[in-house]
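# Understanding the architecture of this molecule
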There are 2 protein chains.
Amino acid sequence: MDKRENKEAVLLPGEIEKRSFEIITKEIGDRTLDPFEEPVIKRVIHTSADFDYLENMYFSPGAVEKAMEAVKNGTLIVTDTNMAKAGINKKKLASFGGEAVCFMADEDVARRAGKEGTTRAAASMKKAAELKRPCIFAVGNAPTALFALRDLMEEGIVKPQLIIGVPVGFVNVVESKEEIIKAAERAGCPCIAARGRKGGSNVAAAIVNAILYQIDDRR
Amino acid sequence: MDKRENKEAVLLPGEIEKRSFEIITKEIGDRTLDPFEEPVIKRVIHTSADFDYLENMYFSPGAVEKAMEAVKNGTLIVTDTNMAKAGINKKKLASFGGEAVCFMADEDVARRAGKEGTTRAAASMKKAAELKRPCIFAVGNAPTALFALRDLMEEGIVKPQLIIGVPVGFVNVVESKEEIIKAAERAGCPCIAARGRKGGSNVAAAIVNAILYQIDDRR
């Protein structure tokens, strides 16, 4: 190992994360954030290096606290991409008795989507809703997943413990997030969303992890 | 299925992607991009909804064409997160005889990192380098992975077919990308990077996928 590597290797991941959050805190400045929402917003900025999330994050009242309760009681987290599932700290989630699943690659989901003329994302939300288990939905990709969840909530088929609505993109994305915010409010379900075009599977996973870590941090 | 859902379900993923790229093209305007780099930049914007990538993407000369050749000859793609691996279109990659791997969760990698006082990311790059197989490295998270690759190239242990250097964050990230750009140039290895703080596992996967899709699109 040469000197240069020694120097650079001194900072291990835990320390880098700590310093990163210090930099984020400093750059946010004296803006006051809700104490439960703050770690979520900061982790999203940490995962994206994008301070737009300081402006575009939506939280229904008490969403983070309610989500923390759901996790503590052992929730199922349903994602709309395997990428979001991969980004969730599943070891930490399991320590609360929870589990993360993604049904996007399931054959019955593909069949159902074909039969119903919808997307696999929408069909995978339906599959999850029909499990009738307490669920958090973390949607980082597909607007159609949010439209499906809206309809499922309105039909009384599902009452999510939390909907994370953070698809990214240019077509139907902005609308899907505004729709889910309203639908969640009508159904009395907690909701966290990133308004506008931005979001992604990485953002969805960061929001889940921020909720998991906050439970420990507040112990 | 109610009327609203019918209306929204009309746009299936392929069409949404097509329209999204049309919007991105329109918003980029009359700026001229290299024809091989353009689909990569656009897919990164597509995955992030962030036009900063129009400014911050670095490509060594001919990097995309060289990467396409590597993929066509059946390359191994090594990622520094399972999330990046999850985001790569592995079916498409397999159609060229390629494979994606991530060694981050391997026990021998954890042991080696502990023993050498480095990170798992760095140890997983070393493990990949020692396979002595033609490799593309896709690094979306860990600056230490890029520092390790720099050292491995300088020691002559590895000569990557492409390095994708797109860690995201606030500590050592900017520096790691500038370092890998220089080291890749010295070693004569193709390199694609996102200068500055931005990047991520999603960006790394998007760059890989853009390369895969471009091979088909140019047939």
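Predicted model, so just to flag it, every value in this text is computed and none were measured.

### With respect to the sheet that holds strand 3 (residues 99-102) of chain A
All names here are of chain A.
- An order of 1-6-5-4-2-3 is seen for the six strands of this open sheet, with the pairing classed as mixed. Both outer strands of the open sheet, strand 1 (57-59) and strand 3, are each paired with one neighbouring strand and no more. Averaged over all pairs of adjacent strands, the angle between strand axes in this sheet comes to 15°, irrespective of strand direction.
- For strand 5 (residues 162-165) and strand 6 (residues 191-194), the ladder comprises three bridges, and the chain directions are parallel. In the sheet register, I163 faces strand 6, and the bridge partner there is C191.

### Focus: the packing of helix 9 (residues 120-130) of chain B against helix 10 (residues 143-154) of chain B
Residue and element names in this part refer to chain B.
- Contact pair helix 9 / helix 10: the axes reach a minimum separation of 7 Å and the direction vectors enclose 35°. Of the two elements, helix 9 crosses helix 10, and the hand of that crossing is right-handed. When helix 9 is examined against helix 10, the residues A121, A122, M125, K126 and A129 are found in contact with a partner set consisting of T144, A145, A148, L149 and L152.

### Here we look at the side chain of B:K177
Residues and elements named next belong to chain B.
- Its place among the elements puts K177 in helix 11 (residues 173-187).
- The side chain of K177 is buried and forms no salt bridge, while E178, the nearest opposite charge, is found at 8.1 Å.
- Beyond its immediate stretch of four places on either side in the chain, K177 contacts L146, G165, V166, P167, A194, G196, R197 and K198.

### Some points on the UniProt feature "domain: Cobalamin biosynthesis precorrin-8X methylmutase CobH/CbiC" (unreviewed entry) in chain A
- What UniProt calls "domain: Cobalamin biosynthesis precorrin-8X methylmutase CobH/CbiC" (unreviewed entry) maps, in this numbering, to residues 15-213 of chain A.
- This span, residues 15-213 of chain A, is 56% helix and 12% strand, and a straight line between its end C-alpha atoms measures 16 Å.

### Describing the relation of the copies chain A and chain B
- When chain A is fitted onto chain B, the two copies agree to an RMSD of 0.0 Å after a turn of 180° and an axial shift of 0.0 Å. Here the symmetry operator amounts to a two-fold rotation axis. In terms of proximity to the rotation axis, the leading residue of chain A is A:M83, whose C-alpha is 2.5 Å off the axis.
- The share of interface residues of chain A whose copies in chain B are also at the interface is 100%, consistent with both copies meeting through the same surface.

### What to know about unusual backbone geometry
Residue and element names in this part refer to chain A.
- Its identity as a non-glycine residue notwithstanding, A49 has a phi of 55°, on the positive side.
- In this fold, A49 is placed in the loop between helix 3 (38-48) and helix 4 (53-56).
- Relative accessible area serves as the criterion here: at 7%, A49 is assigned to the buried category.
- Even without a glycine there, the phi angle at N172 is positive, about 70°.
- Assignment of secondary structure puts N172 in the loop between strand 5 and helix 11 (173-187).

The rules we used
- Residues numbered from 1 in each chain as written.
- Chains lettered and ligands numbered in written order.
- Predicted model: local features only at pLDDT ≥ 70, side-chain atom pairs only at ≥ 80, totals over all residues.
- Heavy atoms only, no water.
- Pairing = 2+ DSSP bridges.
- Helix = DSSP H or I, 4+ residues; strand = E, 2+ residues; numbered from the N terminus.
- Axes fitted to C-alpha atoms, helices over the stretch in contact; angles between N-to-C directions.
- Left-handed = near helix turned anticlockwise from the far one by under 90°.
- Contact = heavy atoms within 4.5 Å.
- Buried < 20%, exposed > 50% of the residue type's maximum accessible area, 1.4 Å probe, protein only.
- Lys, Arg positive; Asp, Glu negative; His and termini not counted.
- Salt bridge = Lys/Arg side-chain N within 4 Å of Asp/Glu carboxyl O.
- UniProt positions renumbered as here; feature names shortened; annotations may be inferred.
- Least-squares fit on C-alpha atoms with pLDDT ≥ 70 in both.

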